[in-house]
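Residue-level structure breakdown
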Amino acid sequence: MNLVTLLPFIVLIGAMFLMTRSAKKKQQAAAQMRDHMAPGTGVRTIGGMYATVKEIGDDTVTLELAPGVHAIFAKNAIGAVLEDAEYNRIVHGIDDDEATDTPVVPDDASSLTEDEAPKLDLGKKDEDAPKGDDEPKDGKSDGEAGAK
């Protein structure tokens with residue numbers, strides 16, 4: 001056989017080797033991350049649920065999903081172990097970094113207008129208009145022929 005016919009097979013075997021090697025690295029990193037779990041640590045499951053670790057077993061982890069609500073998960077179901085600051089920011093809305101003052105966006109447009117502007121009430125008649133003279137001066141009403 002000549003080298004040109006073997007080249008595609010060599011490239012294919014090399015690509016397979018690289019793919020399995022990167023997959024093994026990812027598995028080792030995930031196992032190492034799960035080994036760093038400790039009770040009280042915030043985690044995210046592979047389903048996207050945020051919880052706090054309460055107890056760690058050989059193959060299982062007991063998570064507190066809400067105060068007083070505990071569930072048992074497989075260790076493989078833990079997608080990420082979160083830092084305390086990140087967990088508090090996501091779950092409780094507590095931001096440790098107060099230096100980033102972002103502008104507050106109002107919920108409605110009324111807070112964008114100044115309070116000094118006069119408010120118009122379109123349902124009331126003007127008080128300066130003469131009272132009792134609601135009929136037009138030409139004697140015709142809106143429903144009659146020739147009314148304006």
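Residues numbered from 1 in each chain as written. Predicted model: local features only at pLDDT ≥ 70, side-chain atom pairs only at ≥ 80, totals over all residues. Heavy atoms only, no water.

As recorded by an unreviewed UniProt entry, the chain carries the name Preprotein translocase subunit YajC and is attributed to Streptomyces spororaveus. The Sequence similarities (unreviewed entry) comment attached to the chain in UniProt states, word for word, "Belongs to the YajC family." (UniProt positions renumbered as here; feature names shortened; annotations may be inferred.)

Our focus in this paragraph is the pairing of strand β4 (residues 69-74). The pairing of strand β3 (residues 60-66) with β4 spans six bridges and is classified as antiparallel. Paired with V61 across the bridge in β4 is F73. Turn length for the β3-β4 hairpin, with the two strands adjacent in sequence and antiparallel, is two residues, and the turn residue G68 shows positive phi of about 85°. (Pairing = 2+ DSSP bridges. Helix = DSSP H or I, 4+ residues; strand = E, 2+ residues; numbered from the N terminus.)

With that settled, the discussion passes to the pairing of strand β1 (residues 42-45). For β1 and strand β2 (residues 50-56), the ladder comprises three bridges, and the chain directions are antiparallel. Pairing of V43 across the sheet is with A51, part of β2. Hairpin connection, β1 to β2: the antiparallel pair is bridged by four residues, and G48 has positive phi, about 95°. In terms of strand pairing, β1 meets strand β5 (residues 78-82) through four bridges, oriented antiparallel. Across the sheet, residue R44 finds its bridge partner in β5, namely A80.

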